[in-house]
Amino acid sequence: MAMNDSINILNSAYLAVEYIDSFLPDNPLQQPFKNAWNYMLDNYTKFQIATWGSLIVHEASYFLLCVPGFVFQFIPYMQKYKIQQDKPETWEKQWKCFKTLLFNHFFIQLPLICGTYYFTEYFNIPYEWEEMPRWYVLVAQCFGCAVIEDAWHYFLHRLLHHKRIYKYIHKVHHEFVSPFGMQAEYAHPLETLILGAGFFIGIVVFCNHVILLWAWVICRLMETIDVHSGYDVPLNPLHLVPFYAGARFHDFHHMNFIGNYASTFTWWDRIFGTDSQFIAYKEKEKKQQLIMKKKAN
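In this report, the structure presented in the accompanying data block is examined. (Residues numbered from 1 in each chain as written. Predicted model: local features only at pLDDT ≥ 70, side-chain atom pairs only at ≥ 80, totals over all residues. Heavy atoms only, no water.)

## A short note on the packing of helix α3 (residues 46-72) against helix α8 (residues 210-227)
Contact geometry of α3 with α8 gives a least axis separation of 10 Å together with a crossing angle of 25°. Between α3 and α8, the crossing angle belongs to the class labelled roughly parallel. When the axes of α3 and α8 are compared, the crossing they make is right-handed. Across from Ile49, Gly53, Ser54, Val57, His58, Ser61, Tyr62, Leu65 and Cys66 in α3, the residues of α8 making contact are Trp214, Val217, Ile218, Leu221, Met222 and Ile225. Broken down by class, the residue content of the contact of α3 with α8 amounts to 11 nonpolar, 4 polar and no charged. (Axes fitted to C-alpha atoms, helices over the stretch in contact; angles between N-to-C directions. Helix = DSSP H or I, 4+ residues; strand = E, 2+ residues; numbered from the N terminus. Parallel < 35°, antiparallel > 145°, perpendicular 65-115°, else oblique. Left-handed = near helix turned anticlockwise from the far one by under 90°. Contact = heavy atoms within 4.5 Å. Nonpolar A, V, L, I, M, F, W, Y, C, P; charged D, E, K, R; others polar.)

Below, the structure written as structure tokens:
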């Protein structure tokens, strides 16, 4: 009975969104995107699209999304939004990070990406434009993937902090006490595999078109680069996502090493109380700010 009620609610929500979508103006980018997509299908094999297309999407998205945070370090005005202002980025750290990223991307992640084609073939995942889900379905699927990945990340990330194994694997990622965007995927190869496995669970559950693979890659990179950026910039559209953790939440994890283990949302840390030190830290900050305001007045 409860299952039927849930299905009815989801169907009603889907119909409501579909009804609202019928009143929205046509997307001017849809036709050019359709033409480009069909051109890709006509000129490249599924293996080339799934393998090299996925690699290009990952690399282009990763480094383009890193650009704003990289540029911020050269803009004096943006320094007031830097969370750990006493720990500026250095060329030495960024170069070290970049070299490790190249190794991880091409020697750890690329072999995994090479399996994308076989995954789509095994599960009969379509590539055709006509089979592509509507935008709101894609958004819902990405959100579902994020919820699943967040749960996996919380428990496995917390396990990697166990004193018996921390120094062997996860310590590499914590070399940077004050994170920056490019450091999001700076990790031990084993950590890349262990935490990265959570990315694929949602794909297995929700994927009904190859476009979800790429959309979810972009969404996940957007989130992880944002929380590692080291900057809490106002009007960040990601803050509109319900229960979104954000840069301050994860920055505290790098600064404190304990607590705030989730990747995207705050609920797991709240349920298990692993955000208690972060909450106490925020309260202490507020009191210090009030004292400073009183002194200034």
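There's more to say after this.
## Some points on the nonpolar core
Within the largest apolar cluster, 37 residues are counted, with the highest numbers of intra-cluster contacts made by Trp37, Tyr62, Ile203 and Trp216. Secondary-structure elements contributing two or more residues to this core are α2 (30-43), α3, α4 (91-113), α6 (135-160), α7 (189-206) and α8. Considering each element in turn, this core owes the most residues, 10 residues, to α8. (Core = buried A, V, L, I, M, F, W, Y, C linked by side-chain atoms within 4.5 Å. Buried < 20%, exposed > 50% of the residue type's maximum accessible area, 1.4 Å probe, protein only.)

## Here we look at unusual backbone geometry
Even without being glycine, Leu235 reaches a positive phi, approximately 60°. Within the secondary structure, Leu235 sits in the loop between α8 and α9 (246-256).

## Considering the environment of Trp37
One can find Trp37 in helix α2. Trp37 gets classed as buried once you look at its relative accessible area, which sits at 3%. As for Trp37 and Glu128, which are separated by 91 residues in sequence, their C-alpha atoms are 8.5 Å apart. Setting aside its immediate chain neighbours within four residues, Trp37 contacts Tyr127, Glu128, Trp129, Met132, His209, Val210, Ile211 and Trp214. From its side chain, Trp37 meets the backbone oxygen of Tyr127 in a polar contact 2.8 Å long. (Polar contact = N/O pair within 3.5 Å; in protein donor to acceptor, adjacent residues only side chain to side chain.)

## Quick notes on empty space enclosed by the protein
Under the definition given, this model contains 1 cavity of 30 Å³ or more. Its boundaries defined by the atoms lining it, the largest cavity holds a volume of some 50 Å³. Taken together, Lys87, Pro88, Glu89, Thr90, Lys93, Phe176, Val177, Ser178 and Phe180 make up the full set of residues lining the largest cavity. Per-class residue counts for the lining of the largest cavity are 4 nonpolar, 2 polar and 3 charged. (1 Å grid on protein atoms, 1.4 Å probe; cavity = no way out; pocket = protein on both sides within 12 Å on 5 of 7 lines; lining within 4 Å. Points joined across faces, edges and corners; volume = space filled by probe spheres on them.)

## Let's talk about the side chain of Thr116
In this fold, Thr116 is placed in helix α5 (residues 116-122). Overall, Thr116 belongs to the buried group, its relative accessible area being 13%. Dropping the residues within four chain positions of it, Thr116 is found in contact with Ala50, Ser54 and Leu213.

## Section: a nonpolar patch on the surface
Judged by side-chain polarity, Leu64, Val67, Phe70, Val71, Phe74, Ile75, Tyr77 and Trp91 come together as a nonpolar surface patch covering roughly 810 Å² of accessible area. Of the residues forming the nonpolar patch, the biggest block, 4 residues, is contributed by α3. Mapped onto the secondary structure, Phe74 falls in the loop between α3 and α4. (Patch = residues over 30% accessible without salt bridge, like charges linked within 9 Å, V, L, I, M, F, W, Y side chains within 5 Å. Areas by Shrake-Rupley, 256 points an atom, 1.4 Å probe, with all protein chains shown as cover. Salt bridge = Lys/Arg side-chain N within 4 Å of Asp/Glu carboxyl O.)

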